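Topology and contacts: notes
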Amino acid sequence: MVNQQAELALNLIKQEIPIHQSEPESLVLSDDVKTGLVLVDIVNGFCTVGSGNLAPVVPNQQISNMVDESVKLSRIFCEKKWPIFAFIDTHYPGKPEDPYPPHCLIGTDESKLVPALEWVENEPNVTIRRKECIDGFLGSYKDDGSNVFVDWVKTNKIEAILVVGICTDICVLDFVASTLSARNLGLLAPLKDVVVYANGCATFDLPNQVATGIKGAVAHPQELMHHIGLHMAKGRGAHIVHEVSLGSTKKP
């Protein structure tokens, strides 16, 4: 009964705040538009069962699908030698990130890319940025005031970014919102479009009936928060797509 009620509520919310209304639901990649792939926190500490305080405790289909889609896209971008920017959530002992428990501490398996993506660290077209905060854009600032992500966009003359990763409504959303604000301020030229691949994103699942039994926990139903994260990203100006394919170059 509880599951039926939750499903009805989710369907109602999707009807009231739909993601797609007037824009296409797919993205075709080609050399015509210089596109960069951004991987957000696809690490063991968030994706691999039993790997930490914020990792899934049982296999999770949404997270598994996100990893699979991210690997597929990474292989395409590496084969094409297109630029990839990978965020790796990395924290230091004694520096908590409220309201979350300790996670992804430096030097642990939690702060490593999932096994299916470890290979990207050795690819010449991949830029790695370890960040110690939720927002990857802010986490890209260095002590000298420069920003690794901004430099990546400008150096590669990136016109669009395709964003995948975890969590849809937290790290992905915060990065997308900051990036769009920076773009609007003219700080990220020639970047024009920020595209979020819905099936390449995921979030965690903490149903209300479980959260009520955990002191200090806040309910976080996965499908609902995933949808809300995508909707919020769209409201900031991102394009949300459900399909990504590889097209041919039209220019001579």
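Residues numbered from 1 in each chain as written. Predicted model: local features only at pLDDT ≥ 70, side-chain atom pairs only at ≥ 80, totals over all residues. Heavy atoms only, no water.

**Let's talk about the overall build of the protein chain**
Of regular secondary structure, the protein chain possesses seven helices and eight strands. A globule of 252 residues ought to have a C-alpha radius of gyration of about 18 Å, and the protein chain, at 18 Å, matches this closely. With the C-alpha coordinates aligned to their principal axes, the bounding extent of the protein chain is approximately 60 × 45 × 35 Å. Looking at the protein chain residue by residue over its 252 residues, the buried ones come to 46%. Relative to all contacts within the protein chain whose residues are 6 or more apart in sequence, the contacts with residues 24 or more apart total 75%. Accessible area for the protein chain stands at about 12,800 Å²; split by element, carbon and sulfur atoms hold 54% of it. The distance from the centre of the 21 positive side-chain charges to the centre of the 30 negative ones in the protein chain is 7 Å. (Helix = DSSP H or I, 4+ residues; strand = E, 2+ residues; numbered from the N terminus. Rg over C-alpha atoms; globule rule 2.2 N^0.38 Å. Buried < 20%, exposed > 50% of the residue type's maximum accessible area, 1.4 Å probe, protein only. Contact = heavy atoms within 4.5 Å. Areas by Shrake-Rupley, 256 points an atom, 1.4 Å probe, with all protein chains shown as cover. Lys, Arg positive; Asp, Glu negative; His and termini not counted. Charge placed at Lys NZ, Arg CZ, Asp CG, Glu CD.)

**Focus on the pairing of strand 6 (residues 193–202)**
Remember that side chains alternate between the two faces of the sheet whenever the strand is regular. When you tally the buried positions in strand 6, you get eight out of 10 residues, the bulk of the element. Taken together, the six bridges between strand 5 (residues 160–166) and strand 6 define a ladder with parallel strand orientation. Within strand 6, the position partnered with Leu 162 by the bridge is Val 195. For the segment spanning strand 5, helix 5 (residues 168–184) and strand 6, crossover handedness is right-handed. Looking at chain direction, strand 6 and strand 7 (residues 239–241) are connected through three bridges and run parallel. Note that in strand 7 the partner of Val 196 across the bridge is Ile 240. (Pairing = 2+ DSSP bridges. Right-handed = clockwise from strand over helix to strand, strands pointing away.)

**Description of the side chain of Ser 30**
The topology assignment puts Ser 30 in the loop between strand 1 (26–29) and strand 2 (35–40). Among the polar contacts listed, one links the side chain of Ser 30 to the backbone nitrogen of Asp 32, at a separation of 3.2 Å. (Polar contact = N/O pair within 3.5 Å; in protein donor to acceptor, adjacent residues only side chain to side chain.)

**Structural notes on the nonpolar core**
With 66 residues, the main nonpolar core has Val 38, Phe 149, Ile 161, Val 163 and Val 176 as its most contacted residues. Among the elements that take part in this core, helix 5 stands out by supplying eight residues, more than any other. Not counting chain neighbours up to four residues away, the residues in contact with Phe 149 comprise Val 38, Phe 85, Phe 137, Ser 140, Ile 161, Phe 175, Thr 179 and Leu 188. (Core = buried A, V, L, I, M, F, W, Y, C linked by side-chain atoms within 4.5 Å.)

**Quick word on unusual backbone geometry**
Note that the residue after Ile 166, namely Cys 167, is joined by a cis bond; omega there is 0°. Its location among the elements puts Cys 167 in the loop between strand 5 and helix 5. Here the bond from Ala 189 into Pro 190 is cis, since omega is 10°, no more than 30 degrees from zero. Of note, Pro 190 is situated in the loop between helix 5 and strand 6. The phi dihedral of Asp 41 is positive, around 55°, even though this residue is not glycine.

**Notes on helix 7 (residues 222–236)**
With 15 residues, helix 7 extends 21 Å between its outermost C-alpha atoms, agreeing within 8% with the 21 Å of an ideal straight helix rising 1.5 Å per residue. Of the residues making up helix 7, those classed as buried are Gln 222, Met 225, His 226, His 227, Gly 229, Leu 230 and Ala 233. Where helix 7 ends, the next residue or the one after it, Gly 237, has phi of about 120°, a positive value. (Expected span 1.5 Å × (residues − 1).)

**Observations regarding the environment of Ile 106**
Its place among the elements puts Ile 106 in the loop between strand 3 (84–89) and strand 4 (126–131). For the pair Ile 106 and Pro 221, spaced 115 residues apart in the sequence, the C-alpha separation amounts to 29 Å. What Ile 106 contacts, discounting residues up to four positions off in sequence, is Thr 90, His 91, Tyr 92 and Ser 111.

**As for the sheet that holds strand 3**
The sheet built from six strands is open, its strands ordered 4-3-2-5-6-7 with parallel pairing. Two strands bound the open sheet, and with one partner strand each, they are strand 4 and strand 7. Between one strand axis and the next, the sheet turns through 20° on average, direction left out of account. With respect to the sheet, helix 3 (residues 61–80) is in contact with strand 2, strand 3, strand 4, strand 5 and strand 6, its orientation differing from that of strand 6 by roughly 135°. Strands strand 6 and strand 7 of the sheet are contacted by helix 7, whose axis makes an angle of about 175° with strand 6. (Axes fitted to C-alpha atoms, helices over the stretch in contact; angles between N-to-C directions.)

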